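What the coordinates show
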Amino acid sequence: MQTIIATVFAFLIVILPLIFLLLFIYVGWLRIPLAIYAAYCYMDPTIENGVGRRTQWVRSLWLWKYVNAYFPVRLVLEKQLDPSMSYVFGVSPHGILCFSGQVVIGSCQSGLDDAMEGITIHPIVLQHALVLPFFHEYAIALGSLSSSRKSIRRCLSLGNGNSIAIVVGGAKESLHTNRGDRKLVLGSRKGFVREALIAGASLVPTFIFGENDIFLQLNHPLLRKIQLWLQSKMMFALPLFYGRFGLVPRRTQLTTVFGRPIPVKKTPEPSREEINRVHALYLSELRRIYNRFKPIYDPD
């Protein structure tokens, strides 16, 4: 049961839009309602309103306990966070499908809600993924928001624990995913630091041990050139990957380490020098938590 449910949840971003497409093609009387629904997904103001539309019963579904038990999932907090403040959680690595974002942050079964009581963390998702029919409802129910500046700024401006979790390396980082590989794409990724400075939200370096071991990736120089070209044109990557028995996620311990928050001074118009300074501090803290916990959770 754990294996089946974990596999289904891993591929919801593919399964749900595919169901929509099949219904649209083969069920004629549903085409007009489905077309209207697709337009609604594209124009839904919830995507960028800064508060989302979290649905607690979806986040608390009994199915999540099987997903969490499959890996299993574990949380490590270096310091208790103040629920009266807002935070920008910079999450690494991306992995193939960014699965931990759903399991750890999206669901209630991971224990994150209890560990960070009073703090509402919104996963940040690329807008073209967030508007996919049916997947839209699922992602919105987990509290997801668009990756646009407007969406992020609206959320962080609310204060009182309203926070975002953004996978900093993005789609490009997924191409560096493989068992035993910990290459991150962070050097040029500074937008999240700018938004933290504008909002005065503390940065929390976050590393997920085990994310890169869920799937293995096919690697070939020619294939990589094609993938990089597609990524530059379509803004998302297309890694070719496999798991157990094909597409079943590999069973690996997922340990999410939340580092100490890095306080930043609210700066409505941060300079490049200030952004670079805070970004360097963030990288230093991320390396520190990785080196501290690597002997325990990633010894090989």
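Rules used throughout
- Residues numbered from 1 in each chain as written.
- Predicted model: local features only at pLDDT ≥ 70, side-chain atom pairs only at ≥ 80, totals over all residues.
- Heavy atoms only, no water.
- Helix = DSSP H or I, 4+ residues; strand = E, 2+ residues; numbered from the N terminus.
- Rg over C-alpha atoms; globule rule 2.2 N^0.38 Å.
- Buried < 20%, exposed > 50% of the residue type's maximum accessible area, 1.4 Å probe, protein only.
- Contact = heavy atoms within 4.5 Å.
- Areas by Shrake-Rupley, 256 points an atom, 1.4 Å probe, with all protein chains shown as cover.
- Lys, Arg positive; Asp, Glu negative; His and termini not counted.
- Charge placed at Lys NZ, Arg CZ, Asp CG, Glu CD.
- Core = buried A, V, L, I, M, F, W, Y, C linked by side-chain atoms within 4.5 Å.
- Expected span 1.5 Å × (residues − 1).
- Bend = angle between axes of the 7 residues up to and from the residue.
- Pairing = 2+ DSSP bridges.
- Axes fitted to C-alpha atoms, helices over the stretch in contact; angles between N-to-C directions.
- UniProt positions renumbered as here; feature names shortened; annotations may be inferred.
- Left-handed = near helix turned anticlockwise from the far one by under 90°.
- Nonpolar A, V, L, I, M, F, W, Y, C, P; charged D, E, K, R; others polar.

**Let's talk about the overall build of the protein**
In terms of regular secondary structure, the protein is built from 14 helices and nine strands. Its C-alpha atoms give the protein a radius of gyration of 19 Å, within 12% of the compact-globule value 19 Å for 300 residues. With the principal axes as the frame, the protein shows a C-alpha extent of 55 × 45 × 40 Å. Relative to its full complement of 300 residues, the protein shows a buried share of 51%. Contacts spanning at least 24 positions in sequence make up 83% of the contacts within the protein whose residues lie at least 6 apart. If you sum the accessible surface of the protein, you get close to 14300 Å²; carbon and sulfur atoms cover 61% of it. Here the protein carries 33 positive and 19 negative side-chain charges, and the mean point of each set is 5 Å from the other.

**A closer look at the nonpolar core**
Counting residues in hydrophobic clusters, the biggest one holds 47 residues, and the most contacted among them are Phe 9, Val 67, Phe 89, Phe 99, Met 116, Ile 121 and Tyr 138. In terms of residue count, helix α9 (residues 135-141) provides more of this core than any other element does, five residues in total. Every residue in contact with Ile 121, bar those within four places of it in the chain, is listed here: Arg 54, Phe 89, Ile 105, Leu 112, Met 116, Ser 163, Ile 164 and Ala 165. Ala 196, Ala 201, Val 278 and Phe 293 belong to the second-largest nonpolar core, a separate cluster that totals 30 residues.

**Comments concerning helix α14 (residues 272-297)**
Look at α14: 36 Å from first C-alpha to last across 26 residues, which is about the 38 Å you get at 1.5 Å a residue. Asn 291 marks where α14 bends most, by close to 30 degrees; the proline Pro 295 follows one to four residues later. Among the residues of α14, Ile 275, Val 278, His 279, Tyr 282, Leu 283, Glu 285, Leu 286, Ile 289, Tyr 290 and Phe 293 are the ones counted as buried. Tucked into the core, α14 has its buried residues touching β1 (73-77), β2 (87-92), α12 (191-199), β6 (202-209) and β9 (254-258).

**A word on the sheet that holds strand β5 (residues 162-167)**
Within a sheet, adjacent strands bond to each other through the backbone by hydrogen bonds, running parallel or antiparallel. What the seven strands build is an open sheet, ordered β1-β9-β6-β2-β5-β3-β4; its pairing is mixed. Either end of the sheet is taken by a strand with one partner, and the two such strands are β1 and β4 (145-146). Contacts between α12 and the sheet are confined to β2, β5 and β6, with β6 contributing the most and set at about 145 degrees to the helix. Lying on the sheet, α14 is in contact with β1, β2, β6 and β9; it crosses β6 at an angle near 35 degrees.

**Some words on the UniProt feature "transmembrane region" (unreviewed entry) in the protein**
The positions UniProt marks with the feature "transmembrane region" (unreviewed entry) are residues 6-27. In residues 6-27, the share of helix is 91% and the share of strand is 0%. The end C-alpha atoms are 29 Å apart.

**A look at the packing of helix α2 (residues 12-26) against helix α3 (residues 31-43)**
Between α2 and α3, whose axes approach to 9 Å, the crossing angle comes to 145 degrees. Crossing geometry of α2 relative to α3 is assigned as left-handed. Across from Phe 20, Leu 23, Phe 24 and Ile 25 in α2, the residues of α3 making contact are Arg 31, Leu 34, Ala 35, Tyr 37 and Ala 38. Of the residues in the contact of α2 with α3, the class split is eight nonpolar, no polar and one charged.

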